[in-house]
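Now for the letters of each chain:
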Amino acid sequence: MSLPAVLPAADSSPSPSPSTTTAPAVPSLEDAQESATNAASWIEQNWSTWLAIGLKVLLILVIAVVLRKIVLRAITKLIDRMSRTGQAVDATSLGGLLVNAERRRQRSQAIGSVLRSVTSFLILGTAALMVMSAFQINLAPLLASAGVAGVAIGFGARNLVTDFLSGVFMILEDQYGVGDTIDAGPATGEVVEVGLRVTKLRGPNGAIWYVRNGEVKRIGNLSQGWATANVDVTLKGDENLDRVRATLDGVAERMGKEEPWNELLWSPIEVLGLDSVLPDSMVVRVSAKTMPGKDTAVERELRWRIKRAFDAADIPVAGGATAAAPEDGTQDPAAAVAAPSAFSDEDSPQAEAAAPITPQRPAPPSR
């Protein structure tokens with residue numbers, strides 16, 4: 001093939017053409033004017049709706065804030081009135097015995113804190129739901145999710161919820177307070193601090209006990225009302241009861257007139273009579289009502305005075321020497337000898353029963 005024939009064939013093949021790029025369309029003045037016109041018409045159509053929603057939300061927030069402030073102020077006045085009532089009780093003769101400043105302060109603070117928290121949660125929570133409803137937000141899924149979350153939290157933290165509710169009712173009912181001596185079941189002692197979840201007690205040996213309010217099933221308050229001091233005096237069975245009663249009445253009369261026992265005793269000391277009669281002794285009970293928590297001190301002082309009065313009146317109490325010592329000073333030689341024992345006789349049934357069992361050897365086999 002000749003070269004001139006090849007060249008025209010090569011020239012006939014298509015050559016690649018350069019790619020063409022489209023330039024971004026620039027919005028024209030007419031397009032911008034149309035967009036502005038549409039936005040203005042949308043605002044003109046919906047401005048009244050948005051204005052109504054904004055005013056509604058503003059009104060809800062203002063009412064919620066004002067209502068919360070009014071309720072909190074009312075709660076503060078209520079707590080102050082409770083404190084003033086406690087101060088008025090302090091002015092009476094029994095005020096210092098039943099309540100104290102620290103107890104009133106902690107109880108008022110706890111009640112006020114609970115009421116403020118509940119009030120704020122209810123008012124602000126209701127306002128938030130009303131605001132979302134004003135924006136036409138569907139609250140059904142939110143409330144359903146909150147209910148499920150509340151149930152889950154309730155199951156997971158049921159002990160905490162139980163402790164909190166028990167603490168709230170204990171404080172509202174004033175079952176005990178700071179300074180009271182209580183028997184809470186798990187621990188007994190003086191109340192140091194009262195909380196919504198835990199009550200702090202100081203035991204008799206000084207230990208601090210933290211008792212969860214939900215674990216307290218019953219409360220024995222030893223500091224409310226009055227206490228009872230009981231003293232049992234054990235005497236010999238052949239003592240003259242009239243002389244014993246006269247001696248005890250004299251002790252009771254003198255103790256009731258002396259300070260500070262005349263303030264600690266809330267009733268005259270009474271000789272109740274014989275509490276028990278045994279073949280060789282008898283028990284006389286003496287009782288009196290005292291200030292709460294002072295029964296132990298009154299019992300100790302009463303025992304002290306009764307013992308001194310009995311010694312002065314030559315009235316012996318049971319539990320002393322059972323036999324009089326011989327006048328010549330000689331001692332019975334058989335006093336230091338132990339009583340005979342059944343085990344001293346090897347042939348006695350007791351000795352045979354207590355003897356160890358000796359193993360028996362097997363007999364040798366016969367041939």
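Note that the structure is a prediction, hence the values are computed from the model and not measured.

Looking only at helices and strands, the protein has ten helices and eight strands in total. Residues classed as buried in the protein amount to 25% of the 367 residues present. About 26100 Å² of surface is accessible on the protein, with carbon and sulfur atoms providing 60% of the total.

Before going further, it helps to spend a moment on the packing of aromatic side chains. With the rule as written, the count across this model stands at zero aromatic pairs. Sitting over the ring of W226, K289 keeps its end group 4.2 Å from the ring centre.

The next subject is helix α9 (residues 295-312). Over its 18 residues, α9 extends 26 Å from the first C-alpha to the last, a length consistent with the 26 Å expected when each residue adds 1.5 Å. Three or more residues of α9 are buried, namely V298, E299, L302, R305, I306, A309 and F310. Buried residues of α9, viewed axially, fall in a sector of 135°; they line one side. Among the exposed residues of α9, those pointing more than 90 degrees away from its buried face are R300, W304, R308 and A312. On its buried side, α9 packs onto β6 (227-236), α7 (241-257), α8 (261-264) and β8 (281-290). Taken from the residues just after α9, D314 is the one with a positive phi, measuring 60°.

Moving on to the pairing of β8. The side chains of a regular strand alternate between both faces of the sheet. Burial analysis of β8 places eight of its ten residues in the buried class, the great majority of the element. With ten bridges joining them, β6 and β8 adopt antiparallel strand pairing. Residue pairing for β8: A227 is matched across the bridge by T290. Strand direction decides the pairing type here: strand β7 (residues 270-277) and β8, joined by six bridges, are antiparallel. Along β8, the bridge assignment pairs V271 with V286. Remark: three residues form the turn of the hairpin made by β7 and β8, two consecutive strands paired antiparallel.

Attention now moves to the pairing of strand β2 (residues 188-194). Relative to β2, strand β1 (residues 181-183) runs antiparallel, the two sharing three bridges. Paired with T181 across the strands is E190, a residue of β2. Counting the residues in the hairpin turn of β1 and β2 gives four residues, including G185, whose phi is positive at 90°. A loop of three residues connects β2 with strand β3 (residues 198-202), the two strands running antiparallel in sequence.

With that settled, consider the confidence of the model for the protein. Scored by pLDDT, the protein has a mean of 76; 71% of the residues are at 70 or more. Scored below 50 in pLDDT, residues 1-11 makes one contact in the model with residues more than four places away or belonging to other chains. In this model, residues 89-99 is a region of pLDDT below 50 whose contacts with residues beyond four sequence positions or in other chains number 13 contacts.

Below, the discussion takes up the sheet that holds β7. Strands sit in the order β6-β8-β7 across an open sheet of three strands; the sheet is antiparallel. Strands at the two margins of the open sheet, each flanked by one partner only, are β6 and β7. The sheet shows a mean angle of 25° between the axes of neighbouring strands, direction not considered. In this fold α9 packs onto β6 and β8, with an angle of close to 25° to the strand it touches most, β6.

Rules used throughout
- Note that residues are indexed from 1 along each chain, following the sequence as it is written.
- Restriction of local features to residues with pLDDT of at least 70 applies here, the model being predicted, together with a cutoff of 80 or more for giving and counting side-chain atom pairs; totals for whole chains, interfaces and linings are based on all residues.
- The side-chain values count all of the structure's non-hydrogen atoms but skip hydrogen atoms and water molecules.
- Under the scheme used here, helices are H or I runs from DSSP no shorter than 4 residues and strands are E runs no shorter than 2 residues, and both carry numbers assigned from the N terminus.
- Burial classes: relative accessible area under 20% of the type maximum marks a residue as buried, over 50% as exposed, and values in between as partly exposed (1.4 Å probe, protein chains only).
- Areas reported as accessible are Shrake-Rupley estimates using a 1.4 Å probe. Residue values count occlusion only from the protein chains shown.
- Pairing of aromatic side chains here covers Phe, Tyr and the six-membered ring of Trp, requires ring centres within 6.5 Å, and sorts the geometry by plane angle: under 30 degrees stacked, over 60 edge-to-face, intermediate tilted.
- A ring has a charge above it when a Lys NZ or an Arg CZ is no more than 6 Å from the ring centre and no more than 35 degrees off the ring normal.
- Residue count minus one, scaled by 1.5 Å, sets the expected span of a helix.
- It is the directions from the helix axis to the C-beta atoms that the arc portrays.
- Any two residues whose heavy atoms approach within 4.5 Å are treated as being in contact.
- When DSSP finds two or more bridges between two strands, those strands count as paired.
- Per-residue confidence from the predictor is given as pLDDT, running between 0 and 100.
- Convention adopted: a line fitted to C-alpha atoms gives each axis, helices being fitted over their contacting stretch, and angles between N-to-C directions are expressed from 0 to 180 degrees.

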